[in-house]
Amino acid sequence: MLDQYRAEIEVALDTIRPYLEADGGNVKVVDLTEGMVLKLELTGTCSSCPMSTMTLKAGVEEAIKKAIPEIVKVEAVNVEVA
């Protein structure tokens with residue numbers, strides 16, 4: 001499933017990466033489930049930032065869903081909930 005969407009996902013992520021990188025973070029694609037849930041790993045400062053959940057929903061998920069409407073949800077696999 002992931003292979004058929006990987007290029008589109010990376011293009012969409014590249015639109016948001018400069019903002020993440022400016023704060024010392026990034027995202028890495030982990031998996032795309034059969035239910036069209038994209039699993040990402042937040043890296044760098046994003047993995048421990050208290051605002052990472054908001055960043056994921058407001059920025060990353062919005063960019064992904066705009067580019068690939070088939071994806072219904074974006075989840076981080078490594079977000080630490082405080």
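Predicted, not measured: the structure shown is a model, and the values here were computed from it.

A. Inspection of the confidence of the model for the protein chain at higher detail. Confidence along the protein chain averages 88 in pLDDT terms, with 95% of residues attaining 70 or more. The secondary-structure element of the protein chain with the lowest mean pLDDT is helix α2 (residues 52-67), recorded at 86, while strand β1 (residues 25-32) shows the highest, at 93.

B. Up close: the layout of surface pockets. The volume enclosed by the largest pocket comes to roughly 150 Å³. What lines the largest pocket is simply Ile-16, Tyr-19, Leu-20, Asp-23, Thr-45, Cys-46, Cys-49, Met-51, Ser-52 and Thr-55. Looking at the lining of the largest pocket, the elements that each hand over two or more residues are α1 (2-22) and α2. If one sorts the elements of the lining of the largest pocket by residue count, α1 sits on top with three residues. The residue makeup of the lining of the largest pocket, split by class, is six nonpolar, three polar and one charged.

C. View of the pairing of β1. As judged from the seven bridges shared by β1 and strand β2 (residues 37-44), these two strands associate in the antiparallel manner. Note on β2: the bridge partner recorded for Asp-31 is Lys-39. Here β1 folds back onto β2 in antiparallel fashion, the turn holding four residues, of which Met-36 has a positive phi close to 65°.

How each quantity is defined
- Residues numbered from 1 in each chain as written.
- Predicted model: local features only at pLDDT ≥ 70, side-chain atom pairs only at ≥ 80, totals over all residues.
- Heavy atoms only, no water.
- pLDDT = per-residue confidence, 0-100.
- Helix = DSSP H or I, 4+ residues; strand = E, 2+ residues; numbered from the N terminus.
- 1 Å grid on protein atoms, 1.4 Å probe; cavity = no way out; pocket = protein on both sides within 12 Å on 5 of 7 lines; lining within 4 Å.
- Points joined across faces, edges and corners; volume = space filled by probe spheres on them.
- Nonpolar A, V, L, I, M, F, W, Y, C, P; charged D, E, K, R; others polar.
- Pairing = 2+ DSSP bridges.

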